Amino acid sequence: MYQLELFDKSDIQIRDEIQYYFEYLQNPSDAFGGMPVCPFLKAELEGNKLLVEIWRPDELSFKDVWKKFDDSKYDSAIVICLDTDGLDWRDVDRRSYQKEIQMFLKKTNYKALCFSPFEEHTAGGEETRKKSPYFLINIATRDALNQAHKKLLNTKYFQNFSEKELKTLKVK
C-alpha cells in the first residue's frame, strides 16, 4: 500500500496531496447524512482562516510551530507531520501524542485534535483518516470546536454513526 520514497517531497507536492485530501473532506457523503466529512473546512479555507503548516520535527520544535500559529492572523491550523530520521508517525500513538499537545496548550483557549491515517478509526462506518496522506494535528479554539459540535447535533450528520462512534464523540 505504501510506496517507497526515494526522494524527499517538495512542499508543493505535500500541499498538493493535502489539497486532494481536503477536497475529499469537503464533499457531501451519505455516511454523514449528506454533509461533508468536515463541514466547516470549506469556510475556513475560503475565509483564509486556516494555517496549513508542514512540520519537519528534526528542523523545528512543536513550540516553534505553535508560536508561528499563535503570532498569525489565522483562527485554526492543520499541522502536516512529516517523518524524519528517528520519527516515523506510523509508530506514534495518536491518543498519547494528542494528550501531550493538550498539556502544552493547557493554559490557552486552544485544543488540538490529532488524526492518524495509521490507526483503525471509522466515522459513519467510513475510514476517513486512512485517506489522509499524513498524520495531522488540528488546532482550534475550544469555543469553535464546541460550537461546531453543537451545530452538528441538530443535523443528520451523525445519523449513520454506530453506538460506539457516537459514544466516542460524546454525541450520546
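This text follows the structure it describes.
Predicted model, so just to flag it, every value in this text is computed and none were measured.

Judged by pairing direction, the sheet is mixed, and its four strands sit side by side in the order 3-4-6-5 without closing on themselves. Of all strands in the sheet, those with a lone pairing partner are strand 3 (50–55) and strand 5 (110–115), marking the two edges. Going across the sheet, the axis of each strand differs from the next one's by a mean of 20°, ignoring polarity. Bridging between strand 3 and strand 4 (residues 76–81) involves six bridges; their strand directions are parallel. Of the residues in strand 4, the one forming a bridge with valine 52 is isoleucine 78. Across the sheet, helix 1 (residues 11–26) touches strand 3, strand 4 and strand 6 (135–141), and the angle it forms with strand 3 is around 130°.

Looking now at the side chain of serine 29. Assignment of secondary structure puts serine 29 in strand 1 (residues 28–29). Serine 29 gets classed as buried once you look at its relative accessible area, which sits at 11%. Once residues within four sequence positions are removed from consideration, serine 29 is found in contact with Gly34, Met35, Pro36 and Glu126.

With respect to the helices, strands and loops of the structure, asparagine 138 is situated in strand 6. Taking relative accessible area as the criterion, asparagine 138 reaches 15% and is therefore assigned buried. A distance of 3.0 Å separates the side chain of asparagine 138 from the backbone oxygen of alanine 77, its partner in a polar contact.

Another point: the packing of aromatic side chains. Summed over all chains, the structure comprises 16 aromatic pairs. Note on phenylalanine 32 and phenylalanine 161: the rings are 5.5 Å apart at their centroids and 75° apart in plane angle, and the pair reads as edge-to-face. Of this pair, phenylalanine 32 sits in the loop between strand 1 and strand 2 (35–36) while phenylalanine 161 sits in the loop between helix 5 (142–153) and helix 6 (163–168), placing them 129 residues apart in sequence. Overall, the relative accessible area of 1% leaves phenylalanine 32 in the buried class. A centroid spacing of 5.3 Å and a plane angle of 85° characterise the contact between phenylalanine 69 and tyrosine 110, whose relative ring orientation is edge-to-face. Placement of the pair is phenylalanine 69 in helix 3 (residues 62–70) and tyrosine 110 in strand 5, with a sequence separation of 41 residues. Grouping residues by exposure puts phenylalanine 69 and tyrosine 110 together as buried. Of the aromatic side chains, those joined through ring pairs into one cluster are Trp55, Phe62, Trp66, Phe69, Trp89, Tyr97, Phe104, Tyr110 and Phe135. Over the face of the ring belonging to tyrosine 74 we find lysine 73, whose NZ or CZ atom lies 4.4 Å from the ring centre.

So, about the nonpolar core. The biggest cluster of nonpolar side chains holds 25 residues, and the ones touching the most others in it are Phe22 and Ile80. Where this core is concerned, the elements lending two or more residues are helix 1, strand 3 and strand 4. At six residues, helix 1 tops the list of elements feeding residues into this core. Not counting chain neighbours up to four residues away, the residues in contact with isoleucine 80 comprise Ile14, Ile18, Val52, Glu53, Ile54, Trp55, Tyr134, Phe135 and Leu136. In this structure, Trp55, Ala77, Leu105 and Ile137 belong to the second largest nonpolar core, which totals 20 residues.

In this structure, asparagine 48 is a non-glycine residue whose phi angle is positive, near 55°. Counting through the fold element by element, asparagine 48 comes out in the loop between helix 2 (41–46) and strand 3.

What counts and what doesn't
Residues numbered from 1 in each chain as written. Predicted model: local features only at pLDDT ≥ 70, side-chain atom pairs only at ≥ 80, totals over all residues. Heavy atoms only, no water. Pairing = 2+ DSSP bridges. Helix = DSSP H or I, 4+ residues; strand = E, 2+ residues; numbered from the N terminus. Axes fitted to C-alpha atoms, helices over the stretch in contact; angles between N-to-C directions. Contact = heavy atoms within 4.5 Å. Buried < 20%, exposed > 50% of the residue type's maximum accessible area, 1.4 Å probe, protein only. Polar contact = N/O pair within 3.5 Å; in protein donor to acceptor, adjacent residues only side chain to side chain. Phe/Tyr/Trp six-rings, centres within 6.5 Å; stacked < 30°, edge-to-face > 60°. Lys NZ or Arg CZ within 6 Å of the ring centre and 35° of its normal. Core = buried A, V, L, I, M, F, W, Y, C linked by side-chain atoms within 4.5 Å.

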